[in-house]
Amino acid sequence: MADLLVYGSYGYTGRLIVEEATDRGLDVVVAGRDRNAVENQAIRRGCEERVFALDEPRLLDLALEAVEAVLNCAGPFVETADPMVEGCLRTGTDYLDITGEIEVFERLAAEDERADDEGVTVLPGVGFDVVPTDCLAAHLVERLPDADRLALGFEAAGGISPGTAKTAVRALGGSGAVRRNGRIESSSIGGETRRIDFGRGERTAMAVPWGDVSTAYRTTGVGDIAVYTAVPSWVPRAARLGSILGPLAGAGPVRSLLESLVDARVDGPDERVRREGTSHVWGEAETDDGERAVSRLVAPETYRLTKLTAAEIAERVVAGEAPTGFQTPAGAFGPDLILDIEGVERTDEPVEERS
Ligand SMILES: NC(=O)c1ccc[n+]([C@@H]2O[C@H](COP(=O)([O-])OP(=O)(O)OC[C@H]3O[C@@H](n4cnc5c(N)ncnc54)[C@H](OP(=O)(O)O)[C@@H]3O)[C@@H](O)[C@H]2O)c1
């Protein structure tokens, strides 16, 4: 039996993860629905291959029966996670993906009991979204066990890949999201802003519907969570305007046009940017009594970090180290998982007590 099937293996991020996983010695099967792309990659990397679409359950099950775990890199995951997880539950295969979509995390969390009964690990979000922020959330709640609120944030430079751009196009016309009193609430994009020091001086940051709104709650039990990203100061106003025009941008013909522009124009960061870039992650835990803890991470560029965290978690899952059922990265492996990733450093500010 092979270790890991990577589905969507020939996409921008899939390719990076296949390289990293095979370099670490994992026995990887490359897979997807485009025969030429899969076969060419299999020859280049010296891997086995499988060609199937996700609406072919017989071929899907045959492929899954031959591996310990699958790592789904075919996004938007709102379209691919359900059929792949169903296949995993039928065949007893562990499931990983690199989603950051709140809707996907919530749907898969609802399969916790079934997955546990089948002895299957379901662990979505093994990339930049959500591994570093999830680990920081868990670390902050270890530092401040009575935390009532969590704010998380990231500052990432260096450009985006085609699939990330398409996932963002799908989200146009939608709203933001935060968690209040344990429930996910929609918020207006650009409506919630604050100043955050990600480690290089204060920047404007805007709340975004990032995966941790779902996952950090499951990892820590804290019921109030917002996630921010650093943006130029004009962006929140433009985003508020965008949420007015959003329904038009999200409409079928406009969306198709934007997706074809992504196909033509978006390549993803190149090797130099991935090697030299850094990302900065910040987190704050607060109690109603006025205690406040802040911690930060400095980490590699987001796609480099994604390949490193995905391969690290895949190795651990294949080695049988993950609990069964629905899992978050830090829920499965603890807050220090991120410190095992090359190039990551964590710093803590002393806990403050406000009167
Ligand atoms: N969590 C994170 O930190 C993180 C990091 C990086 C990327 N991502 C996400 O990962 C996804 C992939 O990004 P990317 O830039 O690698 O995209 P990409 O270069 O466009 O590649 C996407 C891959 O998925 C396949 N795919 C898409 N829809 C499919 C479907 N319905 N059925 C079968 N295969 C399908 C594509 O195959 P075809 O060519 O056959 O369509 C391709 O192999 C995006 O959703 C992105 O947001 C997340």
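The present account deals with the structure reproduced in this document. What you see is a predicted model; the values in this text were computed from it and never measured.

**Brief notes about the side chain of His139**
With respect to the helices and strands, His139 occurs in helix H7 (residues 131-143). In this structure His139 touches Ser295, Pro335, Arg346 and Asp348, once residues within four positions along its chain are discounted.

**Brief notes about unusual backbone geometry**
The omega angle of the peptide bond from Gly75 to Pro76 is 5°, so this bond is cis rather than trans. Checked against the element boundaries, Pro76 lands in the loop between strand S4 (67-72) and helix H4 (81-91). A cis amide bond, omega 20°, links Asp129 with the succeeding residue Val130. By the element assignment, Val130 lies in the loop between strand S6 (121-123) and H7. If you check the backbone angles, Asn181 has positive phi at about 50° while not being a glycine. Structurally, the position occupied by Asn181 is in the loop between strand S8 (176-180) and strand S9 (183-187). The class of Asn181 is exposed, set by a relative accessible area of 71%.

**With respect to helix H1 (residues 12-23)**
With 12 residues, H1 ought to run about 16 Å at 1.5 Å a step, and its terminal C-alpha atoms sit 17 Å apart, in line with that. Looking at H1, one finds that the buried residues are Tyr12, Thr13, Gly14, Leu16, Ile17, Val18, Glu20, Ala21 and Thr22.

Scoring rules and cut-offs
- Residues numbered from 1 in each chain as written.
- Predicted model: local features only at pLDDT ≥ 70, side-chain atom pairs only at ≥ 80, totals over all residues.
- Heavy atoms only, no water.
- Helix = DSSP H or I, 4+ residues; strand = E, 2+ residues; numbered from the N terminus.
- Contact = heavy atoms within 4.5 Å.
- Buried < 20%, exposed > 50% of the residue type's maximum accessible area, 1.4 Å probe, protein only.
- Expected span 1.5 Å × (residues − 1).

Nothing here speaks to function; it is all geometry.
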